[in-house]
Amino acid sequence: MSIEYLKKKRILLVDDEPKLLDMVVSILKENGFEYIYTAQKVEEAVVVAEEYLPELAILDVMLPDGDGFSLMKRLRKKGNYPILFLTARGEDEDKLDGLGLGADDYIVKPFLPKELIFRITAILKRSYKDDNPFVQLQNSKIDFERAEVIKDGEQILLTAKEHILLSILYRNAGRIITIDVLCKELWGDNYFGYENSLMAHISRVRQKIEKNPSQPVSLITVKGLGYKLLTEAN
Amino acid sequence: MKSVPKLIGRFIGILFMSLLLLIILNVLVLSFISVKQLSNSSPYQTAEEIAVSLQKKDSGFKLDSNNQKWLQTNNIWAILIDEDTKTVTWQTDDLPETIPKSYSLSAISSLTSGYIDGYPTYTGASEGGIVVLGYPKKSYWKHIWPSWDYQFIADLPQTVFIVLIANLLLIVLIYYWVTSKLTKSIAPIVQGIQGLVTKNNVYVKEKGPLSELAMNINQTSQTLQSQERVLKKRETARANWIAGVSHDIRTPLSMVMGYAGQLESNPSLSLDEQHKVNIILRQSEKMKNLIKDLNLASKLEYNMQPINMEKINVAVLTRQVVVDFLNIKLDKDFPIKFEMRNNVHSSFVLADEGLMKRAITNLIQNAISHNEKGCHIFISVFTKQESCIVVVEDDGIGISDKQIEELNNAPHYMISDQSTMEQRHGLGLLLVKQITLSHNGEMKIGHSCYGGFSVTLEFPINNVN
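On a predicted model such as this, the values are computed, not experimentally measured, just so you know.

A. Quick look at the overall build of chain B. When you go through chain B residue by residue, the secondary structure sums to 13 helices and 14 strands. Out of the 465 residues belonging to chain B, those deemed buried represent 26%. In chain B, once contacts between residues fewer than 6 apart in sequence are set aside, the share between residues at least 24 apart is 66%.

Have a look at this one:
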């Protein structure tokens, strides 16, 4: 499954600084996003949202005629799409974390383009499923809907735990996920002592997706830290 | 307030001691005087002696010349009252005119115990009757009816004792009343002073004997309060100013980093241009970290940063920080090796997750910033006795012993009056120190066994639920 379908999503971008808007638009365009709509004020954003029905909104916290949080509430009344906050204040992190306002993620300015793109694609991946169900790896492809792997034309079923494991790794494809996060997803809060079980699951997944499981190319171990999944899109 | 009863107790002690001393002194003086009075040979005795020395001669009664002289010099007159006739049969030459020459029995009884015409008289038995000595007027005071109830004399020791105790009690009561009144007026003053210590707003009623003191305390409290307000206002202003500046820098810096990031992945750039873009990126990254550190440091300094303590697994947290670094930075020049030892995975520390992440991030960032040519970074988390220890070290250029000494003993960066250059150099590290201290931890800077720089953070383990 490529992430090409995500690049067709309509994105609403709201920031009061026109130069910053230009820059974010150029980053998004460079990374293949085609439908980007911008606004500089709350009222303008509401109008643009009503006209273009965005599938993702990126909002600045401080706007000249209001704040991003109240804008989020207004936007959410019309449609339940993911929202990412851009904030220039460190303390907003606490606000966004602590108040549980329902934002999907936030980025503190300044940020690197690749960080922004990663966050956007991660949110989009979480929120929108692909029509094309396959995730292409180097030696196999994963069909998450059917919970199976297709390797050399052969269909291999994934167990529930293997499915969870691959899903987390795929959502964060190309990034290391710590052993702790994986164990927690698989066994809940009291996951201590499951590290060996995790290794057993990883090795079974490798049997299914890798050509040579002892020399993995898709599911990589980062020693002492965690694992990462490399898809063909990476 | 504890000191006031202690003070009163001490005063009562001193009071008792003084009373005791006073009694002893009195007894001593009294006995001294009594002894002196006794040795002063009582007039009764003199009368007896004179009576004995009065000889009956053919020509009448005669006193020897010595006694006669003594009586004269002491201005004492003497008479002899005859046994049978009750008339004066002998007398000294200086007998006043007013002294009667004959006596009834009742008159003799009266003069024995008292006076004749104001002269204190004393009697002694002689051959022919009784000798009466008349001392000068007002030379003695006589106890005319010296008789007491027998029981009264028998009970005298107890009576004296009871009276003494009653007196003592009275004195103590009076003292207690006076001191308690004083204490009552001191108590609010003491409370006021204690309030001043805790910087509370203090008001003491300006009444009673210590009203002036109360007034002074009230004035001091007001001065302190207004100083506190001014100080707080200034601190808030400074922290807000730093927050404001860092906020305003973030948006322009976003654009620098954004466009530089885009350029970095532009394949049409020459190698030299790519290198320049890389420098822009790295330096903006440094600025970003500096803003973050400055803002947090000022907030920690002025207690404007909420610290949410919860049980944190430092091993898990450190591993996440390392992974976040690897995921975002992707710096090939700085490979990170992570290690956990000694069952650290099941040890918890009471900490603020955000601040803790920040501390470890800063240490890794520090290793990267100070080794332009790249280095290996080694991070280990382990337990040692009751502590959880995080060590971040590298095999980079390291620092000299002198610099280590300076960093370990560096004053707070906001207090330091050294040149600003040096302060800035260590802001990231000093922030780590500040965070560590706010978690009851310890930070040590030293040489790494890998050849570079090493920072050790030590936190007390808290495995209690």
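B. Seen up close, the overall build of chain A. The helix and strand inventory of chain A stands at 8 helices and 14 strands. Looking at chain A as a whole, 35% of its 234 residues are labelled buried. Nonlocal contacts in chain A, meaning residues at least 24 apart in sequence, comprise 56% of its contacts between residues at least 6 apart.

C. Spotlight on the UniProt feature "transmembrane region" (unreviewed entry) in chain B. Residue and element names in this part refer to chain B. Mapped onto this numbering, the UniProt entry annotates "transmembrane region" (unreviewed entry) at residues 12–33 and 156–178. Overall, residues 12–33 shows 100% helix and 0% strand. The separation of its end C-alpha atoms is 31 Å. In residues 156–178, helix accounts for 100% and strand for 0%; the two terminal C-alpha atoms are 33 Å from one another.

D. Fine view of the confidence of the model for chain B. All names here are of chain B. With 93% of its residues at a pLDDT of 70 or more, chain B shows a mean pLDDT of 84. Within the model, pLDDT remains below 50 along residues 419–424, and this stretch shows 3 contacts once partners closer than five positions in the same chain are excluded. We note a pTM of 0.61 for the whole complex and an ipTM of 0.78 for its interfaces.

E. Here's a closer look at helix H1 (residues 18–30) of chain A. A rise of 1.5 Å per residue sets the reference length of H1 of chain A, with its 13 residues, at 18 Å; its end C-alpha atoms lie 18 Å apart and thus fit the reference within 8%. Packing partners of the buried residues in H1 of chain A comprise strand E1 (10–14), strand E2 (35–39) and helix H5 (113–127) of chain A together with helix H7 (211–264) of chain B. Downstream of H1 of chain A by a residue or two, Gly32 of chain A has a phi angle that is positive, lying close to 100°.

F. Region of interest: the interface of chain A and chain B. On the side of chain B, 28 residues touch chain A, which itself brings 25 residues to the contact. For the side of chain A that touches chain B, the secondary structure elements donating two or more residues are H1 and H5 of chain A. Ranked by residues supplied to the side of chain A that touches chain B, first place goes to H1 of chain A with 6 residues. Looking at the side of chain A that touches chain B, its residues break down into 11 nonpolar, 5 polar and 9 charged.

G. Local environment of the packing of helix H2 (residues 42–52) of chain A against helix H3 (residues 68–78) of chain A. All names here are of chain A. In the contact formed by H2 and H3, the axes pass within 10 Å of each other and the chain directions differ by 15°. The orientation of H2 with respect to H3, classified from their angle, is roughly parallel. The handedness of the crossing between H2 and H3 is right-handed. Judged by residue contacts, Val42, Ala45, Val46, Ala49 and Glu50 of H2 engage Leu71, Arg74, Leu75 and Lys78 from H3. Taken together, the residues of the contact of H2 with H3 break down into 6 nonpolar, no polar and 3 charged.

H. Quick look at the pairing of strand E10 (residues 148–151) of chain A. Residue and element names in this part refer to chain A. The pairing of strand E9 (residues 141–143) with E10 spans 3 bridges and is classified as antiparallel. Looking across to E10, one finds that Lys141 is bridged to Ile150. Between E9 and the antiparallel strand that follows it, E10, lie 4 residues; Ala147 among them carries a positive phi value of about 55°. Here E10 runs beside strand E11 (residues 154–157); their pairing, made up of 4 bridges, is antiparallel. Bridge pairing links Ile150 to Gln155 in E11.

I. Structural context of the environment of Glu43 of chain A. All names here are of chain A. As for its position among the elements, Glu43 is in helix H2. Judged by the 15 C-beta atoms lying within 10 Å of it, Glu43 is partly exposed. Between the alpha carbons of Glu43 and Asp65 there is a distance of 7.8 Å; along the sequence they are 22 residues apart.

J. Molecular detail of the sheet that holds E1 of chain A. Residues and elements named next belong to chain A. Pairing is parallel in the open sheet, where 5 strands are placed in the order E2-E1-E3-E6-E7. Of all strands in the sheet, those bounded by a partner on one side alone are E2 and strand E7 (105–108). Each strand of the sheet is rotated relative to its neighbour by a mean of 20°, with strand direction disregarded. In the sheet, E1 pairs with strand E3 (residues 56–60) via 4 bridges, with the strands oriented parallel. In the sheet register, Ile11 faces E3, and the bridge partner there is Leu56.

K. Region of interest: the sheet that holds strand E13 (residues 219–222) of chain A. All names here are of chain A. Spatial strand order, E12-E14-E13: 3 strands in an open sheet with antiparallel pairing. In this open sheet, the two strands that pair with only one neighbour each are strand E12 (177–178) and E13. Across 2 bridges, the pairing between E12 and strand E14 (residues 226–229) is antiparallel. When the bridges of E14 are listed, Ile177 appears paired with Tyr227.

L. Molecular detail of the environment of Val464 of chain B. Residue and element names in this part refer to chain B. Tracing the chain through its elements places Val464 in the segment after strand E14 (453–460). With 7 C-beta atoms packed within 10 Å, Val464 lands in the exposed category. Remark: the alpha-carbon pair of Val464 and Lys311, spanning 153 residues in sequence, is separated by 9.1 Å.

Each value, and the rule that gives it
Residues numbered from 1 in each chain as written. Chains lettered and ligands numbered in written order. Predicted model: local features only at pLDDT ≥ 70, side-chain atom pairs only at ≥ 80, totals over all residues. Helix = DSSP H or I, 4+ residues; strand = E, 2+ residues; numbered from the N terminus. Buried ≥ 20, exposed ≤ 12 C-beta atoms within 10 Å, placed from the backbone. Contact = placed C-beta atoms within 7 Å. UniProt positions renumbered as here; feature names shortened; annotations may be inferred. pLDDT = per-residue confidence, 0-100. Expected span 1.5 Å × (residues − 1). Nonpolar A, V, L, I, M, F, W, Y, C, P; charged D, E, K, R; others polar. Axes fitted to C-alpha atoms, helices over the stretch in contact; angles between N-to-C directions. Parallel < 35°, antiparallel > 145°, perpendicular 65-115°, else oblique. Left-handed = near helix turned anticlockwise from the far one by under 90°. Pairing = 2+ DSSP bridges.

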